[in-house]
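If you want the building blocks of each chain, they are given just below.
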4 protein chains.
Amino acid sequence: MIIVMEHNATIDQLNRVIKYIEDRGLKTQVNNGELLNVVAVIGDKSILNDESIAALDGVREVKKIQEPYKLVSRVAHPEDTIIKFPNGVKLGGLERPVLMVGPCSVEKDFEGLLKVAQAAKDMGCQFLRGGAFKPRTSPYDFQGLEEKGLQYLARAREKTGLLVVTEVMDTMDISLLCKYADVLQVGARNMQNFKLLKALGRIKKPVMIKRGPAATIKEFLLAAEYVVANGNPNVIFCERGVKGFDTHFTRNVLDIAAVPIIRKFSHLPIIVDPSHGTGKRYLIEPMGKAALVAGSHGLMFEVHHDPDNAMCDGAQSLNIEQFKEIAKSFNKLIGRIDYDNKNNK
Amino acid sequence: MIIVMEHNATIDQLNRVIKYIEDRGLKTQVNNGELLNVVAVIGDKSILNDESIAALDGVREVKKIQEPYKLVSRVAHPEDTIIKFPNGVKLGGLERPVLMVGPCSVEKDFEGLLKVAQAAKDMGCQFLRGGAFKPRTSPYDFQGLEEKGLQYLARAREKTGLLVVTEVMDTMDISLLCKYADVLQVGARNMQNFKLLKALGRIKKPVMIKRGPAATIKEFLLAAEYVVANGNPNVIFCERGVKGFDTHFTRNVLDIAAVPIIRKFSHLPIIVDPSHGTGKRYLIEPMGKAALVAGSHGLMFEVHHDPDNAMCDGAQSLNIEQFKEIAKSFNKLIGRIDYDNKNNK
Amino acid sequence: MIIVMEHNATIDQLNRVIKYIEDRGLKTQVNNGELLNVVAVIGDKSILNDESIAALDGVREVKKIQEPYKLVSRVAHPEDTIIKFPNGVKLGGLERPVLMVGPCSVEKDFEGLLKVAQAAKDMGCQFLRGGAFKPRTSPYDFQGLEEKGLQYLARAREKTGLLVVTEVMDTMDISLLCKYADVLQVGARNMQNFKLLKALGRIKKPVMIKRGPAATIKEFLLAAEYVVANGNPNVIFCERGVKGFDTHFTRNVLDIAAVPIIRKFSHLPIIVDPSHGTGKRYLIEPMGKAALVAGSHGLMFEVHHDPDNAMCDGAQSLNIEQFKEIAKSFNKLIGRIDYDNKNNK
Amino acid sequence: MIIVMEHNATIDQLNRVIKYIEDRGLKTQVNNGELLNVVAVIGDKSILNDESIAALDGVREVKKIQEPYKLVSRVAHPEDTIIKFPNGVKLGGLERPVLMVGPCSVEKDFEGLLKVAQAAKDMGCQFLRGGAFKPRTSPYDFQGLEEKGLQYLARAREKTGLLVVTEVMDTMDISLLCKYADVLQVGARNMQNFKLLKALGRIKKPVMIKRGPAATIKEFLLAAEYVVANGNPNVIFCERGVKGFDTHFTRNVLDIAAVPIIRKFSHLPIIVDPSHGTGKRYLIEPMGKAALVAGSHGLMFEVHHDPDNAMCDGAQSLNIEQFKEIAKSFNKLIGRIDYDNKNNK
C-alpha cells in the first residue's frame, strides 16, 4: 500500500499517518518526492482499512498494490477450475466450449419448451436454460411461472438429458431451485445482492453469475469471491454486456475483452451471452463467434419455439429453424477450437 | 405505438404486422414514407407486447409513445406527494427540505452513534441514517451489526426524536426492519431486486429507493412503480451518482439533473446523497448545495464521530465538527429556499 | 417524423404545430391517443428542422423515422464498396481481410522502421502504419517527426511495396500528406473535426476514420457522410474502442459489435484496431481474432522493433518476434475466412 | 513513480527494470511484498517514459504519483488566475460570476442578434456568444455565416459594450477570429485538437475550452496545459456535460462536480453551460443555479430572438422573454454569492 500525501501536508500530518500504521504493527518507509511525499507500508496490509487512511488529514490518495480478490485469483490458484457435471459434461479450462440455449422464460406451453429442448439436444447443446422466476424492469410485464416452470424444465431434462440452468432471485427460493436445477444463475441485476451470493456459497450446485450492467471486472470477480469464500468453489462467470452511451443499435456493449481478462486473472470459467449482450437477433452469430475465438468457455443464447408470441425478449430470440442454422455455424467453430486446444494440451 | 418497417420489407410482411395488431382488437394506420413505411397503432396499447412486434419479420424498430410508468407519473397524478411522518415531519412538494445524517454503518460503540445523533438533532436535522445490514463489494469487509444495530438506532431515536432510515437487503428482513425503522432504504445495488420491491409494496412504512449506478431515470421510475403498484404509495427517490468513465477524482457522477427531471415527470419526492455521489469529503458541501437549489427535497450524507476509525466509507464521512460547519451552511440555504417556496405557494 | 405532444398541451398549441408544418408544404395526420396526441408528418421531411419543432410550445418529443445519413447508408447503396489500391490490394466486401502494422510513431531510427516493414512484408501484411504527426494528450510528450517521418514511410514503401497509412491532424497538412501516404487516417480525437472531414472530401486518396472515444455509431456514420458528401467515396471505418466505466484492465471498451452493425447499415468497409482498443499487448491476439470472425475487413495494430524504448504506446506494442507469432495466428484465421467468403460469393 | 511487478516475475526481470531506471540516473528502492514486489523510483521522473517501463517484461502496472499537468495546477501556482478584460470585466477567483448569452449560431437577421444583445445588456450580462463557424454532426445542417457572422458580433459589441465569445474550429481561422472576438472558444469536439490548442497558445486573447463529451478531468486539464505551455496563460474551462448511458431525458450528463474539483486542483476559472449540458430548456434554470452555488465563475447559455425558427439548437434556447425571467433568477443568486465572497475575501 502506497500513501500519497498532499503537496501542502504538514510534518505533523505525515507523522500522524506513520503513527497510525505503526500502531497497527506495520512498518513504513517514506520517499520524499520533488513535490509530494509518499509513505510505503510494509507487512500484512489486510489488517489495514484503506478508507480510514484516506480519511486522515493531509492524505491525497491511497494506492493499493494487491488486488482485493484472493480465492478466485490465479495468483493463489494457478490451474484452471473445471466444473464437472454428473452426466460427464465439463466446463472450463481447455474443455470443449458448451452451448446453453432455451427461452427467456418458461411459459405455459410445455410442448413448445420440449421442441426447443429437443432441437438443442439434436444440435449437440449441453444445457437448457429458461427462467421460472423472472426479473422484469416493469411491474406490468410477465413475472414467470415459478415452481411450475421448474417442473417443466425438469421434465424436459428427463426427456433429453440436457442440464438445466435457471435464475435464482431470492434467498428464500434457493432450496426449491436446488431440487430442480443443475446450475443456479444469478441475474445481472442481482450481481451485488450480497445476501444472495453468501447463501449460494453454502450450496453444492454450481452458480453462474451474470455481470451487472455497470459492474467493473473487479466487482465481477469480487461477486464470485463472495460465493467461493462462503464455501462453494464452482462459479461460472457470464459476460452479458455493460451499459454504454449508445443504445440506438444495441441494448448493451458486449465486452468481449472480459473473456481473456478473466481467464488471465482468474482460474474460473467464463461464458458469454450474445442475446442479452446485444438485444438483436442478427448479432447473435457474429458476436457468439467472436466470444468463442476470444476464449469463451461457452455461449448462452435465447431460442423460442414461437418468438413472435414469446412472453419476453422476442426481438432477441431465435426460432428453431434460425437456431439450427446458427448452432451449425457455432459447432463448426467449436470443433476447430476444441481440436486446437487438444493439440496444445 | 409506431412501428417502422425495414426499407426492404415486403408487402406480405407489412400485412402480417397489420394482422397481428388487428387480431388483438386495435386499429392501424399506415403512413408511406419516401423510403420507409410506418404503421401507427390506435387504441389501448397496454395489451400489446412491443417485443413481440419487434420480432416480426420486416420490422426495423418499435417506438413507444407513452411511458411505461403510470402510477408514479405526473400525467396520472398531477399533485405532489407529500409524505407525513408521525412526529409531524413532512417530505416532498414545497415542504422545507430535510437533512438525513449518520454513519455509513452502525458500529459497536453506541455512545459514538449517540454523539452523532445528538449533533444532528442540535443542527435541526430530521433523520438519523445508519446501516445495520451492510452490502459490501468485498466479502472481507465489515457486514454490519444486524438486529443489534437496529436496536441502537431505535435507542438513539428515543433519546433525540430523530426519525430512523436504514437499509433493507433481503425480503426475509422486512418485518424485523419495520419494527425499528421509520423509512426502509433500498440500496443502489438492489434497485432492481424486484422480489424486494414487490414485498416493500405490501408494507406501510415509506420506502426510499437509491438509484442504481447504471440505472436510467426510466428504470429508476419503474423501480418505484413496483412498490406503488403493490400497494405502498410512499416512495422517496434518492439520487446518489451513476457510473461514469472518470473515476480519478470521484467514485461516481452525481447526476443533479435527475432532481428537476424526476420532479417534472413524477409527483414523488427526491433527495440527494452527496457522500456516495462523489466519495470525497470536500465535495459534500458544494454538491449538497447544488442539489438543494436544483430542487432536491433533502440531503443525506455521512457523519461519523471518529471517521479515522470508521468501519466503512471513512474517506467520505464528516466528523462532528466538520458536520456542524456544513450543516450551518446547508441550513442557511434551506432557510432561503423554504422562504421562497412559502412565498410562491 | 412523429411529433408527440405533452399530455397537457392545448388545442391552440397543437394547431400551431400543424400550421408550422403545413406552412412548409407538408401534410399532417393527427392520432389522438388515450393520454397523448401525436402528429405524423407526411412528405419530404428533409426541409424540416426537427430542433425547431421540438422548441414549439406543447411539444414533448420529436421522433425521427429516417436516419440522417444517406450516402453511406445501405438503403441508398446496397452493394459493398470495395476500395482498390494501385498495387492491386482490395479492401471491403468479401475480399480477403487485410493487416496494417507498424509503430505508433515514426522515430529517428529509420533502420528500425525498415525492420518492422520487412517483417510485415514477410508475414503477408498489406499496409505499413506509422504516425508522423502525433496527437498527444500531454504537451510534454513526443509530437512526431513531421515531414521527415513521412519521407521515412515512403522509403520503407519503396523497399517493401507496402501501402502507407498515416494520420492527418490539420487541414494545412493535407496536401503534404497526399504526396506520401496511400491512406490518410483521421484520429479518434478528430472524428468530429468537421473542417478536416470536409477538406478530406475534396481529395482522391482513401480516408480512414477512427471512431471517437465517445462517438455513437450514428455519429461515426455521419463523420463518414461528411467526407463522402464532399466528393470522396473511399472511406474506411476503424473501430478502436470507446470510453467505458472500467479502466482498470483496459484503456477502452473495444466495441466489436460495431463491425456487424456498420456492415449491416453501411456499404463501406470497417477494420478494427485491437492495440488502442485495449491498451494491452496480451489482448491483441484474442481481440483481433474476435474482430475478424465478427466480419472485420482487416486489423491494425502496433509493432515496434524495440518497444522498451518506443516514444509512445510501448505497453501495447508488439516486438518483431511477438508480431510474427501473432501474425501467423491471424493469417491462419484470415485464410479460413477468405476460403469461406469465396465459397459463399 | 511506483512499479508493481507480476507475482511470477523473475529476479532477472526485476533486475532489468532496476537497471533501466538506474541507467537513466535515477535511484530505486525495492519493497518486497507478501505476493508482489514493488520498485519505487526516486529522483526527477520527468525524464522517464512510463509507457516504456510498462512494456518491460514482468511489469504488472506503473502507478504515477505526480499529476502530468504542471502549469495549470495549483501545486505550482496556488493563487487564482483572474482574467481581466479591457472594459474592466474580471473572470475567476472570487470575482462576481459572469453571464455569457446569445444564439447558438449567428444568423442572417442582424436585427434579431441585436435584440438578444440588447436584452443581455439590460439584464447585466457581460458577454455575447454566438457561432460564426459551426461544427455540426451532420453535413446537411447549417454550417455558419463565417466572417459575416463575426462582423455582426462586432457590430453588436459596438452597440452594447458586451464582450464577444465565439468558436474557433481551425488553425487557419485564428488570426481572423482575433480581429473580432474577445474570447476564442474551443468546441467540445476539438478539445483534443492539439494543433489548434498549440496555435492558441501563441495568441494573446483568452481561450475558453469546452470539455469533450468523453474527456476525463485530467484530459481537460491537459488540454489547458497545451495552451498555457505554449505561452497563453488566460484559459477558461467550460463544463458542458459528458456522455452518459441515459439519453432519454437529457443529451448529456452535466458534471457539476467538475466545478469544485477544477477549482481545487487548478487556479484557472471555470464556467458552466447548462444549455448544451442538458439539451432542454426547462433544465437551464435549476442546473444553472446548481452550477453557481457549486462555485462556477459564470454561466453560458443560449438565447434566441425566435427559437422556433432558429437554425440550430432551438429546443434548448430561450426566447427573450424567458431569458429575462431566468436572468432575474440568476442575478438574485449571483448577488448573494458575490456578497458572501466579498465578505470572505
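Provided above is the structure to which this section pertains.
What counts as what
Throughout, a residue's number is its position along its own chain's written sequence, starting from 1. All chains are assigned letters beginning at A, and all ligands numbers beginning at 1, according to the order in which they are written. Totals for whole chains, interfaces and linings use all residues, but because this is a predicted model, local features are given only for residues with pLDDT of at least 70 and pairs of side-chain atoms are given and counted only at 80 or more. A helix here means a DSSP run of H or I that spans at least four residues, while a strand means a run of E at least two residues long, and both kinds are numbered starting from the N terminus. With C-beta atoms placed from the backbone, the exposure class of a residue follows from how many other C-beta atoms lie within 10 Å of its own: 20 or more, buried; 12 or fewer, exposed; in between, partly exposed. Two residues form a contact once the distance between their C-beta atoms, set from the backbone, is within 7 Å. Here the nonpolar group is Ala, Val, Leu, Ile, Met, Phe, Trp, Tyr, Cys and Pro; Asp, Glu, Lys and Arg are the charged ones; every other residue, Gly included, is treated as polar. When the copies are superposed, the least-squares fit takes in the C-alpha atoms of residues with a pLDDT of at least 70 in both. Multiplying one less than the number of residues by 1.5 Å gives the expected span of a helix. To define axes, lines are fitted to C-alpha atoms, for helices over the stretch in contact only, and angles between the resulting N-to-C directions are given on a 0 to 180 degree scale. Reported orientations rely on four angle classes, namely roughly parallel under 35 degrees, roughly antiparallel over 145, roughly perpendicular from 65 to 115, and oblique for the rest. Take the far helix as the reference: if the near one is turned anticlockwise from it by less than a right angle, the crossing is left-handed, and if turned clockwise, right-handed. Here, strands pair whenever DSSP counts at least two bridges between them.

Draft legend 1. Representation of the overall build of chain A within the structure. What chain A contains, in helices and strands, is 11 helices and 14 strands. Seen through its C-alpha atoms, chain A measures out along the principal axes to roughly 75 × 50 × 40 Å. Burial statistics for chain A: of 345 residues in total, 57% are counted as buried. For chain A, restricting intrachain contacts to residue pairs at least 6 apart in sequence, the fraction spanning at least 24 positions comes to 65%.

Draft legend 2. View of the interface of chain C and chain A. Counting from both sides, the interface comprises 29 residues of chain C and, opposite them, 29 residues of chain A. Counting residues per element, the ones that place at least two in the side of chain C that touches chain A are α7 (217-229), α8 (258-265) and α10 (284-293) of chain C. A breakdown of the residues in the side of chain C that touches chain A according to their chemical character gives 18 nonpolar, six polar and five charged.

Draft legend 3. Examining the relation of the copies chain B and chain A more closely. By a simple turn and slide, chain B fits onto chain A: the slide is 0.0 Å along the axis, the RMSD is 0.1 Å, and the turn is 180 degrees. Both chain copies can therefore be described as sitting about a two-fold axis. Closest to the rotation axis within chain B is the C-alpha of Ala214 of chain B, separated from it by 2.6 Å. Taken together, the interface assignments show that 100% of the residues at the interface of chain B recur at the interface of chain A, consistent with an identical surface on both copies.

Draft legend 4. Region of the structure containing helix α7 (residues 217-229) of chain A. Residues and elements named next belong to chain A. Helix length check: α7 (13 residues) gives 18 Å between terminal C-alpha atoms against 18 Å at 1.5 Å per residue, within 8%. Burial analysis of α7 places 10 of its 13 residues in the buried class, which makes it a mostly covered element. Among all positions in α7, only Ile217, Phe220, Leu221, Leu222, Ala223, Ala224, Glu225, Tyr226, Val227 and Val228 are buried. The first or second residue beyond α7 is Gly231, which carries a positive phi of 120 degrees.

Draft legend 5. Spotlight on the packing of α10 of chain C against helix α11 (residues 320-344) of chain C. Residues and elements named next belong to chain C. α11 packs onto α10 with a crossing angle of 15 degrees between their chain directions and a minimal axis gap of 10 Å. Here α11 runs roughly parallel to α10, going by the angle between their axes. In terms of crossing hand, the pair formed by α10 and α11 is right-handed. Contact with α10, carried on its side by Ile284, Glu285, Gly288, Lys289 and Leu292, involves Ile326, Ser329, Phe330, Leu333, Ile334 and Ile337 of α11 and no other residues of that element.

Draft legend 6. Examining the interface of chain B and chain A more closely. Across the contact, 38 residues belong to chain B and 38 residues belong to chain A. Counting only elements with at least two residues in the side of chain B that touches chain A, the list comes to α2 (50-54), α6 (194-200) and α7 (217-229) of chain B. When its residues are assigned to classes, the side of chain B that touches chain A shows 18 nonpolar, 10 polar and 10 charged.

Draft legend 7. View of the environment of Leu91 of chain D. Residues and elements named next belong to chain D. Mapped onto the secondary structure, Leu91 falls in strand β6 (residues 90-91). You can call Leu91 buried: it has 26 C-beta atoms within 10 Å. Leu91 sits 177 residues away from Leu268 along the chain, and the two C-alpha atoms are 9.6 Å apart. Discounting residues that sit within four places of it in the chain, Leu91 has contacts with Ile82, Ile83, Val98, Ile236, Pro269, His297 and Gly298.

Draft legend 8. Main features of the packing of helix α10 (residues 284-293) of chain A against α10 of chain C. Close contact between α10 of chain A and α10 of chain C brings their axes to 8 Å; oriented N to C, the two are set at 155 degrees. With respect to their mutual orientation, α10 of chain A and α10 of chain C come out roughly antiparallel. Our pair here, α10 of chain A against α10 of chain C, has a crossing hand that is right-handed. On the side of α10 of chain A, the interface is formed by Lys289, Ala290 and Val293 of chain A, while α10 of chain C contributes Lys289, Ala290 and Val293 of chain C. The class makeup of the residues in the contact of α10 of chain A with α10 of chain C is four nonpolar, no polar and two charged.

Draft legend 9. Representation of the sheet that holds strand β4 (residues 59-63) of chain C. Residues and elements named next belong to chain C. Reading across from one edge, β2-β3-β1-β4 is the order of the four strands in this open sheet, with antiparallel pairing throughout. Here the strands that pair on one side only, and so sit at the sheet edges, are β2 (27-32) and β4. Pairs of neighbouring strands in the sheet enclose a mean axial angle of 20 degrees, with direction left out of account. Looking at chain direction, strand β1 (residues 2-5) and strand β3 (residues 37-42) are connected through three bridges and run antiparallel. Among the inter-strand pairings, Ile2 is bridged to a residue of β3, identified as Ala40. Strands in contact with helix α1 (residues 11-22) are β1, β2, β3 and β4; relative to β3, the strand with the most contacts, it is inclined by about 5 degrees.

Draft legend 10. The sheet that holds strand β1 (residues 2-5) of chain A, seen in detail. All names here are of chain A. In space, the four strands of this open sheet follow the order β2-β3-β1-β4, with antiparallel pairing throughout. Looking at strand neighbours, the two that pair on one side only are β2 (27-32) and β4 (59-63), the edges of this open sheet. Pairwise comparison of adjacent strand axes, ignoring direction, gives a mean angle of 20 degrees for this sheet. Seen against the sheet, helix α1 (residues 11-22) touches β1, β2, β3 (37-42) and β4 and runs at an angle of roughly 5 degrees to β3.

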